[in-house]
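Structure assessment
Residue strings, one per chain:
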Amino acid sequence: MQEDPNNPNEGEEAVPEPEGATETIDTDYQVGQDNIQPKIGPFGLDIHNPVFVVSGLIVVAFVLLTIIFQDAAGPAFEELRGFLTSRFDWFFLIGGNVFVILCLALIVTPLGNVRLGGKEATPDHSYFGWFSMLFAAGMGIGLMFYGVAEPIAHYGTSMGGTTVEDGVRTDWAPLGAAEGNEVEARRLGMAATIFHWGLHPWAIYAIVALALALFSFNKGLPLTIRSMFYPIFGDKVWGWPGHIIDILAVFATLFGLSTSLGLGATQAIAGLNFVFGLPDSINAQVILIILITAFALISVLRGLEGGVKVLSEINMGLAAILLFFVIVVGPTLAIATGFFSNLLAYGQEVIPLSNPFGRDDDNFRQGWTSFYWAWWISWSPFVGMFIARVSRGRTVREFITCVLLIPSVVSVLWMTAFGGTAITLINEAGMSQIADAALELKLFEMLNGLPLATITSIVGVVLVIVFFVTSSDSGSLVIDTITAGGKVNAPVSQRVFWCTFEGLVAIALLIGGGLGALQAAAVSTGLPFTVVLLLGCYAIVRGLMREPR
Amino acid sequence: MYKKILVPVDLTHAENLTKALDTAAELAKSWKAELCYVGVTPETPSPVAHTPKEYGEKLAAFANKQGESHGVKTDSVYYTSTDPAIDINKTLRKAIEESGADLVVMASHVPNVLDYVWASHGGYIAEHADTSVFIVR
């Protein structure tokens, strides 16, 4: 909370004037001017007409069709996903590189001096709260799910070496693999994993978040994805071109989120089954999603400060304890030295791994990298808008450094501790069950190789569930803002509606067996969004050049 | 009896507040009290203003206009919030405490079935504030 210092009623917490000089864009458009306020029973709504209605209908239709044609939908979407990631892999890879280069350039150039929210703006959240929220929204569930699974996968395929049939490589190893060379396979596997969770994904989030924050806090445009296109489309952005961009953003957000919720539910149930022997069935998953959605609703009703932020901080603490535990009781020395050697490996391999041309590791590049890039990009409206909303008052340099570099370093540490420990357990303790376990069980199998397995597994389940709640809550906040034409004070009942709907979509798709289809749908929205983001890069530079710094 | 009357206003729907505003002004006149208009705005651009500062200026202008038309002394204060949809009740309580107001006059809707689940802002303030609260319907 901040108050105007010129006001005679200023309280003790008064801070310097929050704005200062900015270059506001002069447009006649008013936030929420296209909104309608229908009343459905006791619920008063405040929604952006075409965006809410069209995106709502598409989502409902998608869910119904997936359930009705569950046998056909799965393969069709798998096909689409395969087509997009194999034909457009070069485009996704180039896009990812452009985002990283722009972010790094912004850190070192004077454009980094621009402050989001005006020259004298002050941050709304402390570093700890802010950073916790970045992680909770960005990839909390992902790190839990893939922290053990991905390093093992790349390590295993690298050890297997390359296999060629009809002149095409059929193995899934990164780059040239490392047949039979344990040390080299481990190095390459970790570098490839960190590549997927390091600079590139966070650069994608940072670009979206920066564009949104700049055009909203500094330029005075509504907090919706379309605003970043104002320098390109001008006032046309308030018409159909903008509606389409926003609808695409809602679509991507809802499906990206439901995918993550689906992953979270499967892993939490697998964990509960592992520890307590609870049944691992669709019914159990549905009950869990209902329970978690109920928790998310409580979090929604407590707002950003009392809900997402508090839970994110709790989860950061818990995750740090789990990480510390694995480091201490796991192969401590190997993790400590591994951290630096993995960082070095990442530094050495990041350019070959991000090179889109002249490579023969098609399966790895298309099946892993371009799939991940498409997925991160389809997620970016969600994470980006959430990050934007909580990042006012930071300078561009501070913002990019914190959004890009710190999470990347944490990812290196996380992957080194969890993945490295798993590889060590497989190699030195002969725990091949970690490699053989289902994807959602690998984490628990790894923890089982360490002391106090029951306790750490419970902590793991709690982490997944709380990440689930924060994702659902922050997702509702974002979808609500987009479908309310950029208004952030629309009736709370709308946010409740979206939160409930996310749970329902996840349930419907789990019952319909469509988690794969859902994932494919999330990826499909990634391709048009890559174009959106590349245009956004241009808009950011143009917007920043005009800001006082 | 009353020295300072706090009037929460939503500038987006100022036209719906006429009855509450007039009631507050009449009370201020009869007790020779000062009227203080309080508003809560998001950090992001809103239907009312591009920036919180612009919001503050509009609220001050609104307060001046009210003061002139009713012939009472007025003042205004605004608060910003990252999540105004939820924080508004808490922020209003803070405003009441910090302003030292001894009466709050605010508009609220006629209760409906939803109020069993979600209390209205007026209902919440009346239930939680230490000062007297006058709800106008």
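Let us look at the structure shown here. Please read all numbers here as calculations on a predicted model, not as lab measurements.

Reading the values: the criteria
Residues numbered from 1 in each chain as written. Chains lettered and ligands numbered in written order. Predicted model: local features only at pLDDT ≥ 70, side-chain atom pairs only at ≥ 80, totals over all residues. Heavy atoms only, no water. Helix = DSSP H or I, 4+ residues; strand = E, 2+ residues; numbered from the N terminus. Rg over C-alpha atoms; globule rule 2.2 N^0.38 Å. Buried < 20%, exposed > 50% of the residue type's maximum accessible area, 1.4 Å probe, protein only. Areas by Shrake-Rupley, 256 points an atom, 1.4 Å probe, with all protein chains shown as cover. Lys, Arg positive; Asp, Glu negative; His and termini not counted. Charge placed at Lys NZ, Arg CZ, Asp CG, Glu CD. Contact = heavy atoms within 4.5 Å. Buried area = accessible area lost by both parts, 1.4 Å probe. Salt bridge = Lys/Arg side-chain N within 4 Å of Asp/Glu carboxyl O. Patch = residues over 30% accessible without salt bridge, like charges linked within 9 Å, V, L, I, M, F, W, Y side chains within 5 Å. Polar contact = N/O pair within 3.5 Å; in protein donor to acceptor, adjacent residues only side chain to side chain.

We now examine the overall build of chain A. What chain A contains, in helices and strands, is 19 helices and six strands. Over its C-alpha trace chain A gives a radius of gyration of 23 Å, about what one expects of a compact globule, namely 24 Å for 549 residues. Along the first, second and third principal axes, the C-alpha set of chain A runs to 70 × 55 × 55 Å. Residues classed as buried in chain A amount to 62% of the 549 residues present. Total accessible area on chain A is roughly 19,000 Å²; 66% of this is exposed by carbon and sulfur atoms. Each charge class in chain A was averaged separately, 25 positive and 43 negative side chains, and the resulting centres sit 6 Å apart.

The next thing to look at is the overall build of chain B. Looking only at helices and strands, chain B features four helices and five strands. With the C-alpha coordinates of chain B rotated into their principal frame, the extents come out at 35 × 35 × 25 Å. By residue count, 58% of the 137 residues in chain B fall in the buried class. Here the contacts in chain B between residues at least 6 apart in sequence split such that 73% fall between residues at least 24 apart. Counting only carbon and sulfur atoms, one obtains 54% of the accessible surface of chain B, whose full area is about 6,200 Å². The averaged location of the 18 negative side-chain charges in chain B is 5 Å from the averaged location of its 13 positive side-chain charges.

Residue-level contacts link 42 residues of chain A with 33 residues of chain B. A buried area of about 3,300 Å², summed over both sides, lies between chain A and chain B, and 56% of it is on carbon and sulfur atoms. Remark: the boundary between chain A and chain B carries three salt bridges. With a closest N to O distance of 2.7 Å, Arg495(A) and Asp83(B) form a salt bridge.

Turning to a nonpolar patch on the surface, a few remarks are in order. Where nonpolar side chains cluster on the molecular surface, the patch consists of Val60(A), Leu64(A), Leu65(A), Ile68(A) and Phe69(A) and spans about 480 Å² of accessible area. Within the element layout of this structure, Phe69(A) appears in the loop between helix H1 (49–68) and helix H2 (70–87).

Moving on to the environment of Asp34(A). Residues and elements named next belong to chain A. If you trace the backbone, Asp34 turns up in the segment before strand S1 (35–36). For the pair Asp34 and Asn49, spaced 15 residues apart in sequence, the C-alpha to C-alpha distance is 6.6 Å. When residues no more than four places from it in sequence are discounted, the contact partners of Asp34 are Tyr29, Ile47, His48, Asn49 and Trp238.

Right, let's talk about the side chain of Ser471(A) for a bit. Residues and elements named next belong to chain A. Here Ser471 is to be found in helix H16 (residues 453–483). At a separation of 2.8 Å, a polar atom in the side chain of Ser471 contacts the main-chain carbonyl oxygen of Phe467. The residues touching Ser471, leaving out its near neighbours within four places in the chain, are Ala136, Ile141, Leu257, Ser260, Leu261 and Phe382.

With that out of the way, let us pick up the pattern of salt bridges. Residues and elements named next belong to chain A. Summed over the entire model, instances satisfying the criterion amount to 21 salt bridges over all chains. Its salt-bridge partner being Arg226, residue Asp246 comes within 2.7 Å of it at the nearest N-O pair. Placement of Asp246 in helix H9 (residues 240–276) and of Arg226 in the loop between helix H7 (199–218) and helix H8 (230–233) is noted, with a sequence separation of 20 residues between them. This pair shows no difference in class: Asp246 is buried, exactly as Arg226 is. A single salt-bridge network, built from bridges that share partners, covers Asp89, Arg359, Asp361, Asp362 and Arg365.

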